[in-house]
Amino acid sequence: VFEVYEMSYNFYLKEKDFNKLGCLILNFMVTKLPLALVKEYAEVYVISLSHLQHDMDKCLLFLRNTWQDTELTSISRQLLDLSLIYSCQTGSPCDWFKIVSTFPTGSLIYEYLTRCPAFNEMEQRTWKLIKKCYNQIPSKFLVDGWFQGMIDMAELQKRYDIVFSSKENKIVLFKGRK
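One structure accompanies this document, and this report is about it. Each chain carries its own residue numbering, running from 1 in the direction its sequence is written. Residue-level local features of this predicted model are given only where pLDDT is at least 70; pairs of side-chain atoms are given and counted only at 80 or more, and the full residue set underlies all totals for whole chains, interfaces and linings. With hydrogens and water stripped out, all remaining heavy atoms of the structure feed into the side-chain values.

**So, the packing of helix α3 (residues 35-52) against helix α4 (residues 56-66)**
Axes are the key here: two packed helices are described by the angle between their axes and the distance separating the axes.
For step 1, the next point in the chain: Direction vectors running N to C along α3 and α4 enclose 155°, while the axes themselves pass 9 Å from each other. Taken together, the axis directions place α3 and α4 in an arrangement best described as roughly antiparallel. In terms of crossing hand, the pair formed by α3 and α4 is left-handed. Contact with α3, carried on its side by L35, A42, Y45, V46, L49 and S50, involves M56, K58, C59, F62, L63 and T66 of α4 and no other residues of that element.
For step 2, the next point in the chain: Following the grouping adopted for this structure description, the nonpolar residues are Ala, Val, Leu, Ile, Met, Phe, Trp, Tyr, Cys and Pro, the charged ones are Asp, Glu, Lys and Arg, and the polar ones are all others, Gly among them. When its residues are assigned to classes, the contact of α3 with α4 shows nine nonpolar, two polar and one charged. Angles here are taken between N-to-C directions and fall from 0 to 180 degrees, while the axes themselves are lines fitted to C-alpha atoms, restricted in helices to the stretch in contact. Working definition: helices are DSSP H or I runs of at least four residues, strands are E runs of at least two. Numbering for both runs from the N terminus. Note that the term roughly parallel is reserved for angles under 35 degrees, roughly antiparallel for angles over 145, roughly perpendicular for angles of 65 to 115, and oblique for everything else. Crossing handedness: left-handed means the near helix sits turned counterclockwise from the far one by under a right angle, and right-handed means the same turn made clockwise. In what follows, residue pairs with any heavy atoms lying within 4.5 Å of each other are defined as contacts.

Here it is in structure tokens:
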């Protein structure tokens, strides 16, 4: 049974059908299969509940009930922080990227977070905040400091004017500002 649901998970992730992924596949896996077998999927389910289903009550209950025998682990703390930043806006959106960047790039949670619609939402929130705070900003600081290297320079160059300062550093200028 696990292999079938694992294949379904990979298929729906590839197709970016996050409703079926969260409501059907992940829900079945975490409720019907042993936690030891689906631990990584349970972590993704937490994010699905908060980021896509927008159900923080269910997210918090699942976190509490799933990890009830132990103290909050490092990963469950990170999942809680991601959920609170996304759903309740309890922190800066750059903190969301900071947490996501700590996950190994091949992990289920990293792949899910970087492909789901919440990634674009957090990117937009970050841009909105940056535009409020800066008239111009060094591109390296923008990419590495705000987005933790999770956006690339090509995308940045498509969106904004980039000029070279006297030190040959790239500076991002926001439109409407001089």
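We are not done yet, so read on.
**A few points about the nonpolar core**
For step 1, the next point in the chain: Ranked by size, the top nonpolar core spans 59 residues in total, and within it Y9, W96, Y112, W127 and L142 carry the most contacts.
For step 2, the next point in the chain: In terms of residues, this core owes the most to one element, α3, which gives nine residues.
For step 3, the next point in the chain: With near-sequence residues (within four places) excluded, Y9 lies in contact with L21, I25, L26, Y41, V44, L108 and Y112. The criterion is simple. A nonpolar core is a set of buried Ala, Val, Leu, Ile, Met, Phe, Trp, Tyr and Cys residues joined through side-chain atoms within 4.5 Å. Classification of residues uses two cut-offs on accessible area relative to the type maximum, computed with a 1.4 Å probe and protein chains only: under 20% is buried, over 50% is exposed, and between them is partly exposed.

**What about the side chain of S83?**
For step 1, the next point in the chain: Mapped onto the fold, S83 is located in helix α5 (residues 74-88).
For step 2, the next point in the chain: By relative accessible area, which is 0% here, S83 ends up buried.
For step 3, the next point in the chain: In this structure S83 touches V46, I47, S50, H51, M56, C59 and C88, once residues within four positions along its chain are discounted.

**Let's talk about the environment of F103**
For step 1, the next point in the chain: Looking at the secondary structure, you find F103 in the loop between α6 (93-100) and α7 (108-115).
For step 2, the next point in the chain: Every residue in contact with F103, bar those within four places of it in the chain, is listed here: I75, Q78, L82, I109, Y110 and L113.

**Remarks on α3**
For step 1, the next point in the chain: In this analysis, the expected span of each helix is defined as 1.5 Å times one less than the number of residues it contains. The end-to-end C-alpha distance of α3 is 22 Å, clearly below the 26 Å that 18 residues give at a rise of 1.5 Å each.
For step 2, the next point in the chain: Taking burial as the measure, the 18 residues of α3 include 13 buried ones, the bulk of the element.

**Looking at the pattern of salt bridges**
For step 1, the next point in the chain: Salt bridge, as applied in this entry: a Lys or Arg side-chain nitrogen positioned within 4 Å of an Asp or Glu carboxyl oxygen. As enumerated under the stated definition, the model contains six salt bridges in all.
For step 2, the next point in the chain: As a salt-bridge pair, K39 and E43 come within 3.7 Å of each other at their nearest N and O atoms. Separated by four residues within a single helix, K39 and E43 lie in helix α3, roughly one turn from each other.
For step 3, the next point in the chain: Overall, the relative accessible area of 37% leaves K39 in the partly exposed class.
For step 4, the next point in the chain: Here E43 falls in the buried class, since its relative accessible area comes to 9%.
For step 5, the next point in the chain: Here K140 makes a salt bridge to D144, at a shortest N to O gap of 2.7 Å. With K140 and D144 both in helix α9 (residues 139-146) and four residues apart, the pair spans about one turn of that helix.
For step 6, the next point in the chain: With relative accessibility at 34%, the residue D144 sits in the partly exposed group.

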